[in-house]
Amino acid sequence: MTPLRYVRAADKVDALARVSSGARCLGGGTNLVDLLRQNVEQASELVDISRLHGAIQERDDGGLFIDASVTNAALAAHPLVRRRYPVLARALLAGASAQIRNMATVGGNILQRTRCTYFYDVDGARCNKRQPGAGCDAREGFNRYHAILGASDQCVATHPSDMCVALAMLDAVVHLSGASGDRSVPLADFHVPPGATPQVETVLLPGELITGVELPPPTDAMVRSDYRKVRDRSSYAFALVSVAGGLALAEGRVREARIALGGVAAKPWRARRAEAALIGVAPQSDAFVAAIREELADARPLSGNGFKIGLVERTVVAVLTALAGARA
Ligand SMILES: Cc1cc2nc3c(=O)[nH]c(=O)nc-3n(C[C@H](O)[C@H](O)[C@H](O)COP(=O)(O)OP(=O)(O)OC[C@H]3O[C@@H](n4cnc5c(N)ncnc54)[C@H](O)[C@@H]3O)c2cc1C
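Residues numbered from 1 in each chain as written. Predicted model: local features only at pLDDT ≥ 70, side-chain atom pairs only at ≥ 80, totals over all residues. Heavy atoms only, no water.

### Looking at the overall build of the chain
What the chain contains, in helices and strands, is 14 helices and 12 strands. Taking the principal axes of the C-alpha coordinates as reference, the chain spans close to 60 × 50 × 35 Å. Here the chain holds 328 residues, and the buried ones make up 52% of them. As displayed, the chain offers around 14400 Å² of accessible surface, 51% of which is attributable to carbon and sulfur atoms. Separation of charge centres in the chain, based on 38 positive and 33 negative side chains, amounts to 5 Å. (Helix = DSSP H or I, 4+ residues; strand = E, 2+ residues; numbered from the N terminus. Buried < 20%, exposed > 50% of the residue type's maximum accessible area, 1.4 Å probe, protein only. Areas by Shrake-Rupley, 256 points an atom, 1.4 Å probe, with all protein chains shown as cover. Lys, Arg positive; Asp, Glu negative; His and termini not counted. Charge placed at Lys NZ, Arg CZ, Asp CG, Glu CD.)

Here it is as structure tokens:
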């Protein structure tokens, strides 16, 4: 790790000024510090926003605004999140460990990098994301954790966040601030597929900060929602596959369905085809299977992760079946 300057941001204006002039934003540091230590990323100045004590505010319409510096632990424990968006609380609690959730921030979680082992192996592996044009050792290598949807010849890495899968399912909006002003982007559009430029992972521009995340007023399927994560060990492991699901029924039929998938793509994958296929059907497992198969029609598994197709199917059916049986 090369020497760098550490500055604690006085406020958001100070943080933005420093990031605009080239400093890297430091949240809890639970990903960035590892990346710097291992020389995967470089920085000359860090501006720490973790002490800004951001808040979670209820909007007049019943939605929430969550400041970027709110910790994962505080967000998971918030009573309105637990009551109105249970999928988000459960996704957060499925991630990392209690100690890491106490440090990790909302902004940092959204911008955490992939866990592809070749991305971290600076001395021994080829990685187009780390070094554009170098090649991708994951394609023919250890790719059990890698993408089955939306990948490219250049990159098959997945986005590792649990929280972001729930945020995509909830139609969350990311608020950004930069030298040329403020803007907002739906979380589902914030991360971009790798294409020919896997080093570009999001629509965040140089010098921009994430200032917060907005959740819309809760719909019935947001309130009746759940998150299930399948992994190689029962805690402290990244997802092989995860499902954020929400269901609302009327007169024995599906009125609203929300599904997002984790562990399958370079971004949280909102399963809009499956959602559309479920509207108006009786909430039974054959309908759930048919819907998720429509979503997975374009899946392209690699040598080591063909099992993910069946795993996604079974996890979606399990989540939706439980939600259909849950009391309204
Ligand atoms: C052992 C271990 C296990 C883990 N397991 C899981 C898991 O199962 N599921 C899961 O989802 N995550 C897991 N994580 C990842 C963890 O959730 C992330 O490391 C964490 O959320 C990152 O948040 P942070 O605030 O520490 O980010 P940092 O490390 O501080 O920053 C990450 C990136 O975000 C940028 N950044 C931070 N805040 C902002 C902002 N406001 N605006 C612009 N840029 C910003 C930084 O510059 C950096 O590029 C695990 C991590 C570890 C170390």
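### Regarding the pairing of strand 5 (residues 64–67)
Along strand 5, one buried face is formed by Leu64 and Ile66 and the opposite face, lined by Phe65 and Asp67, is buried too. The sheet contact formed by strand 4 (residues 56–58) and strand 5 spans three bridges and is antiparallel. Paired with Gln57 across the bridge in strand 5 is Phe65. The turn joining strand 4 and strand 5, which pair antiparallel and follow one another in sequence, is formed by five residues; a positive phi near 100° is taken by Gly62. Pairing of strand 5 with strand 8 (residues 209–215) involves four bridges; the strand directions are antiparallel. Each bridged residue has a counterpart across the sheet, and for Ile66 the counterpart in strand 8 is Val213. (Pairing = 2+ DSSP bridges.)

### Side note on helix 13 (residues 285–295)
Within helix 13 the residues assigned to the buried category are Ala287, Phe288, Ala291, Ile292 and Glu295. The buried residues of helix 13 all sit within an arc of 125° when viewed along its axis, so they share a single face. Looking at the buried residues of helix 13, the elements they touch are strand 10 (241–250), strand 11 (253–262), strand 12 (269–270), helix 12 (272–278) and helix 14 (307–325). (Arc of directions from axis to C-beta. Contact = heavy atoms within 4.5 Å.)

### Things to note about the sheet that holds strand 8
What the five strands build is an open sheet, ordered 4-5-8-6-7; its pairing is antiparallel. Of all strands in the sheet, those with a lone pairing partner are strand 4 and strand 7 (181–186), marking the two edges. Sheet twist, expressed as the average angle between the axes of neighbouring strands with direction ignored, equals 20°. The sheet strands contacting helix 1 (residues 12–20) are strand 5, strand 6 (173–178) and strand 8, and the helix crosses strand 8 at an angle near 125°. (Axes fitted to C-alpha atoms, helices over the stretch in contact; angles between N-to-C directions.)

### Side note on the domain arrangement of the chain
Per the domain assignment, the segments of the chain are domain 1 (1–52) and domain 2 (221–325). Placing the centre of domain 1 and that of domain 2 at their C-alpha centroids yields a distance of 36 Å. (Domains from an automatic or database assignment.)

### Describing the environment of Ala43
Structurally, Ala43 can be placed in the loop between helix 2 (32–37) and strand 3 (45–48). Overall, Ala43 belongs to the buried group, its relative accessible area being 13%. For the pair formed by Ala43 and Tyr236, sequence separation is 193 residues and the distance between their alpha carbons is 28 Å. Residues in contact with Ala43, not counting those within four places in the same chain, are Leu4, Arg24 and Leu36.

### Details of the pattern of salt bridges
Per the counting criterion, the structure on display carries 25 salt bridges. Here Lys129 makes a salt bridge to Glu201, at a shortest N to O gap of 2.9 Å. Highlighted residues: Lys129 in the loop between helix 8 (117–120) and helix 9 (163–169) and Glu201 in the loop between helix 10 (187–190) and strand 8, separated in sequence by 72 residues. The class of Glu201 is buried, set by a relative accessible area of 19%. Two residues, Asp171 and Arg270, come together in a salt bridge whose shortest N-O distance is 2.7 Å. Residue Asp171 is found in the loop between helix 9 and strand 6, and its partner Arg270 is found in strand 12; the two are separated by 99 residues along the sequence. Among the charged side chains, a network of salt bridges with common partners joins Asp171, Glu256, Arg258, Arg270, Arg272 and Glu275. (Salt bridge = Lys/Arg side-chain N within 4 Å of Asp/Glu carboxyl O.)

### Points about the nonpolar core
Counting 39 residues, the largest nonpolar core has Leu75, Leu88, Ile110, Met163, Leu187 and Leu215 as its most contacted members. With seven residues, helix 9 is the largest single contributor of residues to this core. With residues near it in sequence (within four places) discarded, Ile110 still touches His159, Met163, Cys164, Leu187, Phe190, His191, Ile210 and Val213. Core analysis: the second largest hydrophobic core is formed by 27 residues, Leu149, Phe288, Val312 and Val316 among them. (Core = buried A, V, L, I, M, F, W, Y, C linked by side-chain atoms within 4.5 Å.)

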